[in-house]
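Close look at the chain arrangement
Residue strings, one per chain:
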Amino acid sequence: MTTDSGSNMVKALELNKWRRPGCFGHRLHIAIERSVQNEPRVSRATGVCKKVVSTFSYSWKKQKALTSAQDKLSLPLHELITESLTRWGSRLQMMERVLEQEKAITQVLAAGKKHSTLHPPGKTLRSLNLSRQHLSPSRISQMPCQERHT
């Protein structure tokens, strides 16, 4: 049985004396997370994205303004995505969505006085692009883990 490294799964398989090959996708995800854990550019880019996404997620007015800006700028009508520690690759998805919607986000944030400082400056956008490149291998970990029995 292929599992993650959850202690409950490990213990259950040990008790039943079953073989437990680790899931390649799960191990790859852990390796990627650990490799970028102390990278300051990735941390900064992630922090900026989280602040931007939370600004929109807590305000229906900003969500409505974002939809309007997306429409005016002929951007895809996508919602922003937040990182979830239990959803593999969600940090990369969040960064890609913020980059995709950058013009609409900038337009909405520039119109408001309170949150205009959240607009990522050029240096942060470069860090965001670099971070996206660092995290891109996590797409591999989204492939289903399969074992073939012959």
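Within each chain, residue numbers correspond to sequence positions counted from 1 in written order. Where totals are concerned, whole chains, interfaces and linings use all residues; where local detail is concerned, this predicted model gives features only for residues with pLDDT of at least 70, and gives and counts side-chain atom pairs only at 80 or more. Just so you know, side-chain values use all the structure's heavy atoms and leave hydrogens and water out.

Okay, the overall build of the protein next. Strands here mean DSSP runs of E at least two residues long; helices mean DSSP runs of H or I at least four residues long; both are numbered from the N terminus. Helix and strand content of the protein: 7 helices and 0 strands. Taken from N to C terminus, the helices and strands of the protein fall in the order α-α-α-α-α-α-α. Exposure is judged per residue with a 1.4 Å probe applied to protein chains only, and the accessible area is read against the type maximum: over 50% gives exposed, under 20% gives buried, and values in between give partly exposed. Here the protein, with 150 residues, has 35% of them falling under the buried criterion. The contacts in the protein between residues at least 6 apart in sequence include a share of 65% that link residues at least 24 apart. Here the protein displays about 10000 Å² of accessible surface, and carbon together with sulfur accounts for 53% of that area. Contact between two residues is taken to exist if any of their heavy atoms lie within 4.5 Å; hydrogens are not considered. Here the Shrake-Rupley method, with its probe set to 1.4 Å, supplies the accessible areas, and only the displayed protein chains count as covering residues.

A word on a nonpolar patch on the surface. To count toward a patch, a residue needs a relative accessible area above 30% and no salt bridge. Like charges then connect within 9 Å, nonpolar side chains (Val, Leu, Ile, Met, Phe, Trp, Tyr) within 5 Å. Counted as salt bridges are all cases of a side-chain nitrogen of Lys or Arg within 4 Å of a carboxyl oxygen of Asp or Glu. A grouping of Met1, Met9 and Trp18 is seen on the molecular surface, where their side chains present a nonpolar patch of about 320 Å² in accessible area. On the secondary structure map, Trp18 appears in the loop between helix H1 (7-15) and helix H2 (24-36).

The next thing to look at is the pattern of salt bridges. Overall, the coordinates contain 4 salt bridges when judged by the stated rule. For the salt bridge of Arg41 with Glu39, the shortest nitrogen-to-oxygen distance reads 3.0 Å. Among the residues examined, Glu39 registers a relative accessible area of 22% and is labelled partly exposed. We note a salt bridge from Arg97 to Glu100, for which the minimum N-O separation is 3.4 Å.

Here we come to the confidence of the model for the protein. The pLDDT value tells you how sure the predictor is about a given residue, anywhere from 0 up to 100. Of the residues in the protein, 79% reach a pLDDT of 70 or more, and the chain-wide mean stands at 79. At the low end of the mean pLDDT range in the protein sits helix H7 (residues 122-135), at 68; at the high end sits helix H4 (residues 60-72), at 96. pLDDT under 50 marks residues 145-150. Its contacts with residues more than four places away, or in other chains, come to 7 contacts.

Attention now goes to the packing of H4 against helix H6 (residues 102-111). Where H4 meets H6, the closest approach of the two axes is 9 Å, and the angle between their N-to-C directions is 130 degrees. By the angle class used here, H4 and H6 are oblique. Judged by the sense of rotation from one axis to the other, the crossing of H4 with H6 is right-handed. Residues Lys62, Ala65, Leu66, Ala69 and Gln70 of H4 form the contact with H6, whose own contacting residues are Ala104, Ile105, Gln107 and Val108. Across the contact of H4 with H6, the residue classes break down as 6 nonpolar, 2 polar and 1 charged. Every axis in this analysis is a line fitted to C-alpha atoms, fitted for helices over the stretch in contact. Angles between the N-to-C directions lie between 0 and 180 degrees. Each angle gets one of four labels, with under 35 degrees taken as roughly parallel, over 145 as roughly antiparallel, 65 to 115 as roughly perpendicular, and the rest as oblique. For any pair of crossing helices, the crossing counts as left-handed if the nearer helix is rotated counterclockwise from the farther one by less than a right angle, and right-handed if it is rotated clockwise. The residue classification treats Ala, Val, Leu, Ile, Met, Phe, Trp, Tyr, Cys and Pro as nonpolar and Asp, Glu, Lys and Arg as charged. All others, Gly included, are polar.

To define a nonpolar core, start from buried Ala, Val, Leu, Ile, Met, Phe, Trp, Tyr and Cys residues and group those joined through side-chain atoms within 4.5 Å. Within the largest apolar cluster, 19 residues are counted, with the highest numbers of intra-cluster contacts made by Cys49, Phe56, Leu66, Leu80, Val98, Ile105 and Leu128. Ranked by residue count, the leading element in this core is helix H3 (residues 40-57), at 6 residues. In this structure Leu80 touches Val52, Val53, Phe56, Leu66, Arg97, Gln101 and Ile105, once residues within four positions along its chain are discounted.

Quick look at helix H5 (residues 90-100) now. Within H5, 8 of the 11 residues are buried, which leaves the element mostly enclosed by the surrounding structure. The set of residues buried in H5 consists of Ser90, Arg91, Leu92, Met94, Met95, Arg97, Val98 and Leu99.

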